[in-house]
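Fold and geometry: a report
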Amino acid sequence: MATIISIETSTSVCSACLSVDGQIVANKEDYKGQNHSVVLGGFIKELLDYAHSNNLKLDAVAVSCGPGSYTGLRIGVSTAKGMCFGVDAKLIAVNTLEAMASGVIRTHCEIADGAWLCPMIDARRMEVYNAFYNLSLTPQKETAATIIESDTFADITKDHNIVCFGNGAEKCKGTLTDSKISFIDGIVPLAKDMVPLAEKHFKANKFEDVAYFEPFYLKEFVAEHSQKKLF
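What comes next concerns the included structure. These figures come from a predicted structure and were not determined experimentally.

Looking now at the side chain of D30. Assignment of secondary structure puts D30 in strand β3 (residues 23-30). At 4.7 Å, K32 is the nearest oppositely charged side chain to D30, a buried residue that forms no salt bridge. Among the polar contacts listed, one links the side chain of D30 to the backbone nitrogen of K32, at a separation of 3.3 Å. For D30, the residues in contact, after removing those within four places along its chain, are S12, V13, C14, N35, V39 and F43.

Here it is in structure tokens:
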């Protein structure tokens, strides 16, 4: 029986949950914005306290590894690493986009067979981080940073309907007007949607090297220069 804490910090939403043998027993979510460094520590303490009070030994920490916000990913991964070192737990990495697709498959049974799922995370301007999965969660295209134009997915819609979701999809509605592209609103990466994937990785002994693991940034981080005058 695996006891796993899952951590998700790739966007403005911060979440963490505790699962036992694939079943969620405690869940924490914050939608107030970039509060990760403030709220995540409290979430983890509550989950560890719950585990301790129920005589549960933490076996692994699963972290949403990207793509997504550079700062958010750093906070999540550094927290996960610290926990693994502190309690001698295994580290599991879960692709953020795959977890989003897993959650949509679980909660939206109305999606037609043969459709491809396209989770999207905002990467500023008209660029998104995206990937494609079928309804069996088999990857159809690798994770990429894509600049969205009206015909960006024309090669795919020749043969498949596409269902887009995530904060990257919301800004693309006015651009992706192909009738074979639809959208699901309100989908954000959440720790609870990582649980089936984390459990799968645990059973397959698919663990990361705690000392050397780094988030999947996809693009190099570029610091923006402040426009404020110092004097």
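Across its 18 residues, helix α2 (residues 70-87) extends 26 Å between first and last C-alpha, which sits within 8% of the 26 Å expected from 1.5 Å per residue. Taken together, the buried positions of α2 are G72, L73, G76, V77, A80, K81, M83 and C84. Taken around the axis of α2, the buried residues stretch over an arc of 160°, which confines them to a single face. Opposite the buried face of α2, at more than 90 degrees from it, the exposed residues are F85 and G86. Along its buried surface, α2 packs onto β1 (3-8), α1 (36-53), β4 (60-64) and β5 (90-94). Where α2 terminates, the next one or two residues include D88, which has phi positive at roughly 60°.

This model, assessed by the stated rule, comprises four aromatic pairs. Taking the centre distance of 4.6 Å and the plane angle of 25° together, the rings of Y70 and Y217 count as stacked. Here Y70 is found in helix α2, whereas its partner Y217 is found in the segment after α6 (195-203), with 147 residues between them in sequence. Y217 gets classed as buried once you look at its relative accessible area, which sits at 17%. On the numbers, 5.6 Å between centres and 70° between planes, the contact of F202 with F207 is edge-to-face. Here F202 falls in the partly exposed class, since its relative accessible area comes to 22%. Taken together through their ring pairs, the aromatic side chains of W116, F132 and F153 make up a single cluster.

Further remarks concern the pairing of strand β7 (residues 127-133). Along β7, seven of the seven residues are buried, which leaves the element largely enclosed by surrounding structure. Neither face of β7 is exposed, since E127, Y129, A131 and Y133 on one face and V128, N130 and F132 on the opposite face are all buried. In this structure, strand β6 (residues 116-122) lies alongside β7, joined through four bridges in antiparallel fashion. By the bridge assignment for β7, L117 is matched with Y133. Here β6 folds back onto β7 in antiparallel fashion, the turn holding four residues, of which R124 has a positive phi close to 80°. Summarising the sheet, β7 and strand β8 (residues 139-147) pair through six bridges and their orientation is antiparallel. Residue V128 lies in a different strand from β8, and its bridge partner there is T146.

So, how was this worked out
- Residues numbered from 1 in each chain as written.
- Predicted model: local features only at pLDDT ≥ 70, side-chain atom pairs only at ≥ 80, totals over all residues.
- Heavy atoms only, no water.
- Helix = DSSP H or I, 4+ residues; strand = E, 2+ residues; numbered from the N terminus.
- Buried < 20%, exposed > 50% of the residue type's maximum accessible area, 1.4 Å probe, protein only.
- Lys, Arg positive; Asp, Glu negative; His and termini not counted.
- Salt bridge = Lys/Arg side-chain N within 4 Å of Asp/Glu carboxyl O.
- Polar contact = N/O pair within 3.5 Å; in protein donor to acceptor, adjacent residues only side chain to side chain.
- Contact = heavy atoms within 4.5 Å.
- Expected span 1.5 Å × (residues − 1).
- Arc of directions from axis to C-beta.
- Phe/Tyr/Trp six-rings, centres within 6.5 Å; stacked < 30°, edge-to-face > 60°.
- Pairing = 2+ DSSP bridges.

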